[in-house]
Amino acid sequence: MVTLLGYGTTTKSLCSFLNAQGIQTRIYDDLFTYKQTDSFGNELLPTTDSHIQEFYPMQSQSTPYKLFEEVSKLDSIKNLKNICITSPGIPPHHKLIIQAQKLGVLLSEYDFFYALLENQGLKPPLQPEIAWISGTNGKTTTTQLTQRLLAHLDAQSGGNIGTPLCTLFENRTKIWILETSSFSLHYTYTATPKVYALLPVSQDHIAWHGNYENYLNDKLSVLERMKNGSFAILPQEFIEHKSVQAFKGNAIYYRNSKDLATQLHINLETIKLREPFLLDGLIALATSKFLCHKDSIEGDTRGGIKILNSFEIGTHRLEEFRDSHKNLWVDDSKGTNIDATIQALLRYKDYRILLILGGDDKGADFTPLFECLQQLTQNTEIIVFAIGKSTSKILSFAKLYNLQAYECNYLQDAVLMIKTLRQKGDVALLSPACASLDQFTSYKQRGDLFQKYALDTNTQPKAL
């Protein structure tokens, strides 16, 4: 039996895949309140007072590398045993993670499927071309753009978005474009891509990783094990990092969009995307060229740029809309970290900005954000509306940096106050620099409600 930690999107798909192979699973999740069994025979167990060692004998100093080798040499997948695969979002300080690592049974989903890809005894030979795309912001857009550029070659997106890895594996998909989080990178020790594209990195998920240094180290860790013939697209500022120095493949380093465009011999005037999406598009072009033959992007670079120019940015990421009075509102609910909000502010720096900030700040230091706000107020007026769990923290920073701020606590109250204070030509911007789960089920729900309140002429303040 295989143990799964967490019962989110990733592990649900993995559970179904294993069940189809005749393997029952044991699943731990904080949402389970008592021990039960589902219709497929999977055990569903609460994490409270649960212990993995009840089901696993102590391993003889096993490691992720040994587990990878064992899976890659299985005669039949039905013989799979003594492994525990975690949902990437579960933090390393969780007691079940600590137990699984001590027992030597923990394996990431990436390492598991890479081991299956190497196991030629389980299936006909298959070695897809694989790119990982990571960074603090822009991962989803860059992944989607890269997939679009290579769609004619049977490219599919996966990882954090798109198709589950098990489906990519079963369908023998030729090109995998994987949006890869710092969580997945933290738990992965063996798997490597042909191309690793890293967007700019700034503070995020500090509570999960412990500090920024750990977060950055996880983002760069894969470079140490990538082989000759692999490719990396990296921010110039990390060129001296030990993981970058250990990289054996071919790297291209960029400072900004203009610098990367010059290296790719691309005229920026031919691209319609605006920042921050312009850099996403350029990195997608570079990833596509490195992953496949340079002429495979719908013929040539011009064809690739045509695809970029026809791409529509997804919802809740700098999504503009106007109310019945033609006032401009911007839904950037997906801006869940400081860098995303800074990018949003720079995009609208020529407006008077009414900014909604707040939520679960994930332990981040707001100093860079408020330094940016203070600098921008030299040329324009910015008013902050604080909501969510971090309201007090935001108000304290606003006072420290002498910025005008209001305590709203709830999104609906912030929207109502904006309607009361806004002037013609203002931009009302929801770019919270925080996660949403303190008051919402997701950033999507937060964005949907923001648009609803903004467009509703009868919006009244009340607790959500």
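Residues numbered from 1 in each chain as written. Predicted model: local features only at pLDDT ≥ 70, side-chain atom pairs only at ≥ 80, totals over all residues. Heavy atoms only, no water.

A short note on the sheet that holds strand E1 (residues 2-5)
Strand pairing within a sheet occurs via backbone hydrogen bonds; the two strands may be parallel or antiparallel. Strands sit in the order E3-E4-E2-E1-E5-E6 across an open sheet of six strands; the sheet is mixed. Looking at strand neighbours, the two that pair on one side only are strand E3 (36-37) and strand E6 (106-107), the edges of this open sheet. The pairing of strand E2 (residues 25-29) with strand E4 (residues 43-46) spans four bridges and is classified as parallel. In the strand pairing of E4, Asp29 is matched with Pro46. (Pairing = 2+ DSSP bridges. Helix = DSSP H or I, 4+ residues; strand = E, 2+ residues; numbered from the N terminus.)

Quick word on the sheet that holds strand E11 (residues 231-235)
Strand order in the open sheet made by the six strands is E8-E9-E7-E10-E11-E12, with parallel pairing throughout. Each edge of the sheet is formed by a strand with only one pairing partner; in this case those strands are strand E8 (155-159) and strand E12 (250-254). In this sheet, neighbouring strand axes are inclined to one another by 20 degrees on average, regardless of whether the strands run parallel or antiparallel. Of the pairings in the sheet, the one linking strand E10 (residues 195-198) to E11 comprises three bridges and is parallel in character. Its bridge partner being in E11, Tyr196 is matched across the sheet by Ala232. (Axes fitted to C-alpha atoms, helices over the stretch in contact; angles between N-to-C directions.)

Quick notes on the packing of helix H11 (residues 257-264) against helix H12 (residues 277-291)
Each packed pair of helices is defined by two parameters, the angle between the axes and the distance between the axes. Remark: H11 packs on H12, axes separated minimally by 10 Å, with the N-to-C direction vectors making an angle of 25 degrees. With respect to each other, H11 and H12 are oriented roughly parallel. The interaxial crossing formed by H11 with H12 has left-handed handedness. Residues Ser257, Leu260, Ala261 and Leu264 of H11 lie in contact with H12, whose contacting residues are Leu278, Leu279, Leu282, Ile283 and Ala286. Among the residues making up the contact of H11 with H12, the classes are represented as eight nonpolar, one polar and no charged. (Parallel < 35°, antiparallel > 145°, perpendicular 65-115°, else oblique. Left-handed = near helix turned anticlockwise from the far one by under 90°. Contact = heavy atoms within 4.5 Å. Nonpolar A, V, L, I, M, F, W, Y, C, P; charged D, E, K, R; others polar.)

Observations concerning the pattern of salt bridges
Considering all chains together, one arrives at 10 salt bridges under this definition. The salt bridge partner of Glu69 is Lys73, with a shortest N-O separation of 2.9 Å. Relative accessible area serves as the criterion here: at 40%, Glu69 is assigned to the partly exposed category. By relative accessible area, which is 56% here, Lys73 ends up exposed. One salt-bridge network, held together by shared partners, links Arg352, Glu381 and Asp426. (Salt bridge = Lys/Arg side-chain N within 4 Å of Asp/Glu carboxyl O. Buried < 20%, exposed > 50% of the residue type's maximum accessible area, 1.4 Å probe, protein only.)

What about the packing of helix H5 (residues 139-149) against H12?
The interhelical angle for the contact between H5 and H12, taken along N-to-C directions, is 45 degrees, at an axis separation of 8 Å. Accordingly, the angle class assigned to the pair H5 and H12 is oblique. As H5 runs across H12, the sense of the crossing is right-handed. Residues Thr141, Thr142, Leu145, Thr146 and Leu149 of H5 form the contact with H12, whose participating residues are Phe277, Asp280, Gly281, Ile283, Ala284, Leu285, Thr287 and Ser288. Of the residues assigned to the contact of H5 with H12, the class counts are six nonpolar, six polar and one charged.

Comments concerning the nonpolar core
Counting residues in each nonpolar core, the largest one holds 65 residues, and the members touching the most others are Leu369, Phe370 and Leu373. With nine residues, H12 is the largest single contributor of residues to this core. (Core = buried A, V, L, I, M, F, W, Y, C linked by side-chain atoms within 4.5 Å.)

Focus: the packing of aromatic side chains
Tallying each qualifying case throughout the model produces 21 aromatic pairs. Judged by centre distance (6.3 Å) and plane angle (55 degrees), the ring pair of Tyr212 and Tyr215 falls under tilted. With a gap of three residues between them, Tyr212 and Tyr215 both fall in helix H9 (residues 212-220), about one helical turn apart. Using a relative accessible area of 1% as the deciding quantity, one classes Tyr215 as buried. Here Trp329 and Phe450 contribute two aromatic rings whose centre-to-centre distance is 5.8 Å and whose plane-to-plane angle is 65 degrees, an arrangement assigned as edge-to-face. One end of the pair, Trp329, is in strand E14 (residues 328-331); the other, Phe450, is in helix H18 (residues 443-455), with 121 residues separating them in the sequence. Look at Phe450 and you get buried, because its relative accessible area is 0%. The rings of Phe17, Phe112, Phe113 and Phe169 are connected pair by pair, giving a single aromatic cluster. (Phe/Tyr/Trp six-rings, centres within 6.5 Å; stacked < 30°, edge-to-face > 60°.)

Some remarks on the side chain of Lys219
For Lys219, the position within the fold is in helix H9. In this structure Lys219 is buried but unpaired, with Asp204 as the nearest side chain of opposite charge at 7.1 Å. Non-local contacts of Lys219, meaning those with residues more than four positions away in its chain, are made with Ser134, Gly135, Lys139, Thr180, Ser181, Ser182, Leu185, Tyr196 and Leu198. (Lys, Arg positive; Asp, Glu negative; His and termini not counted.)

So, the confidence of the model for the protein
Residues with a pLDDT of 70 or more make up 93% of the protein, whose mean pLDDT is 90. For residues 295-299, every residue scores under 50 in pLDDT, and the model assigns this stretch 16 contacts once sequence neighbours within four places are set aside. (pLDDT = per-residue confidence, 0-100.)

Topic: the state of the cysteines
If you walk through the whole model with that rule in mind, you get zero disulfides. The cysteine Cys84 is free of any disulfide, with Cys15 supplying the nearest cysteine sulfur at 13 Å. Considering cysteine sulfurs only, Cys434 is the nearest to Cys372, which forms no disulfide, with 15 Å between them. (Disulfide = S-S within 2.5 Å.)

Some remarks on the environment of Thr142
With respect to the helices and strands, Thr142 occurs in helix H5. Put simply, Thr142 and Glu179 are 37 residues apart on the chain and 8.5 Å apart in space, counted from C-alpha to C-alpha. Filtering out sequence-adjacent residues up to four positions away, Thr142 remains in contact with Ile133, Leu199, Asp280, Ile283 and Ala284.

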